[in-house]
Amino acid sequence: MSTGKQAQEEASAAREMVCETVVLGVSGAVGATEVPQLIVLLRREFCRRVQVVMTRTAELFLTPYAAEVFSGQPVGTSSELPKPNSWQGHIRLAKEASVLLVAPATANMVARLATGLAEDLVSTVTLAATCPKVIAPAMNIRMFENATTQRNLRELREHGFYIIEPVVGIEVATMEVSFGSMPQPREIANFLFNVMAANPGAKDQPEQT
Ligand SMILES: Cc1cc2nc3c(=O)[nH]c(=O)nc-3n(C[C@H](O)[C@H](O)[C@H](O)COP(=O)(O)O)c2cc1C
């Protein structure tokens, strides 16, 4: 007879997952506070492993400790350089990703990704990744509608990025109902399901190192 823990592990192994590893990049937007719920949903229904990488600013909204608690994995931050050949190496992380999700993606992050700047762990891993790449921009409506942000998003689409449109939510700075919030975890997970259905080859990443 199996113990409670064993039974849990067996149930988890038996759950059909869509893919192996989501590399989840988190940047410094208010939506980062919602990332723990997103991680839990992805681990329950979508993938065997969520590997979180963060910008320095993201650490103001979500502690690496919390990200580690919810993901059950060590977390890559941008505050210190990873040790050479460690699991946090950007190339290794990029190769291990079945899909790469940046949520929330700040205006700053969108601009970095559109121009190929790699000055933090999230943008560096994204630049190195060849799996499907999905970003969830979340920002004030004026920042989102700004011609530069729109140009950056167009470029990212042209380069094959999938963009999850922001939704109407409460803007914390003003307490107004406004467009620009990160969608709920369920909507993000549904979007990822569709991306993986459209990219059947991505399912069985990791790429061999
Ligand atoms: C309280 C607070 C909330 C912020 N929320 C957002 C946001 O929702 N979206 C955004 O694009 N930037 C937001 N910013 C600005 C970013 O944190 C800032 O551009 C930062 O440089 C982003 O860094 P990163 O992209 O490296 O994480 C916010 C800043 C503060 C102080």
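Located above this text is the structure these notes cover.
So, how was this worked out
Every chain begins its residue count from 1, and numbering advances along the sequence as written. Thresholds applied to this predicted model are a pLDDT of at least 70 for local features of residues and 80 or more for the giving and counting of side-chain atom pairs; totals over whole chains, interfaces and linings are not thresholded and use all residues. Side-chain measures were taken over the full set of non-hydrogen atoms in the model, leaving aside hydrogen atoms and water. Whether a residue is near a molecule or strand depends on its heavy atoms: it is near if one of them lies within 4 Å of it. Counted as a polar contact is a pair of N or O atoms within 3.5 Å, where, for protein atoms, one must be capable of donating a hydrogen and the other of accepting one, and residues adjacent in sequence contribute only when both atoms are in side chains. Note on areas: Shrake-Rupley, 1.4 Å probe, and residue coverage restricted to the protein chains presented here. Throughout, the ten residues Ala, Val, Leu, Ile, Met, Phe, Trp, Tyr, Cys and Pro are labelled nonpolar, Asp, Glu, Lys and Arg are labelled charged, and all others, Gly among them, are labelled polar. Strands here are runs of E lasting at least two residues and helices are runs of H or I lasting at least four, both read from the DSSP assignment and numbered beginning at the N terminus. Two rings from Phe, Tyr or Trp (for Trp, the six-membered ring) form a pair when their centres are within 6.5 Å of each other. A pair whose planes differ by under 30 degrees is stacked, one over 60 is edge-to-face, and the rest are tilted. For each residue, the accessible area found with a 1.4 Å probe, counting protein chains only, is set against the maximum for its type, and the residue is called buried under 20%, exposed over 50%, and partly exposed in between.

A. Expanded view of the site of the ligand. Lining the immediate environment of the ligand, one finds 15 residues, of which Gly 28, Thr 55, Thr 106, Ala 107 and Ala 138 sit closest. Within the side chain of Thr 55, one N or O atom sits 2.7 Å away from an oxygen atom of the ligand. When the ligand sits alone it has 640 Å² of accessible area, and the protein chains cover 62% of it. The residue inventory of the shell around the ligand, partitioned by class, reads 8 nonpolar, 6 polar and 1 charged.

B. Representation of unusual backbone geometry in the model. Cis geometry marks the peptide bond from Ala 103 to Pro 104; its omega dihedral reads -5°. Tracing the sequence through the fold places Pro 104 in strand 3 (residues 99-105). Despite not being glycine, Met 175 shows a phi value in the positive range, around 65°. Inspection of the secondary structure puts Met 175 in the loop between strand 6 (167-171) and strand 7 (176-181).

C. Representation of the packing of aromatic side chains within the structure. Enumeration over the complete set of coordinates arrives at 2 aromatic pairs. With a centroid separation of 5.2 Å and an interplanar angle of 85°, the aromatic rings of Phe 46 and Phe 193 are classed as edge-to-face. Residue Phe 46 is located in the loop between helix 2 (35-45) and strand 2 (47-54), and its partner Phe 193 is located in helix 10 (residues 185-198); the two are separated by 147 residues in the primary sequence. The class of Phe 46 is buried, set by a relative accessible area of 0%. Ring centres 5.4 Å apart and planes at 70° place the aromatic pair Phe 144 and Phe 179 in the edge-to-face group. One end of the pair, Phe 144, is in helix 8 (residues 141-145); the other, Phe 179, is in strand 7, and 35 residues separate them in sequence. Looking at Phe 179, the relative accessible area reads 26%, which means it is partly exposed.

By themselves, these observations are geometric and do not establish any function.
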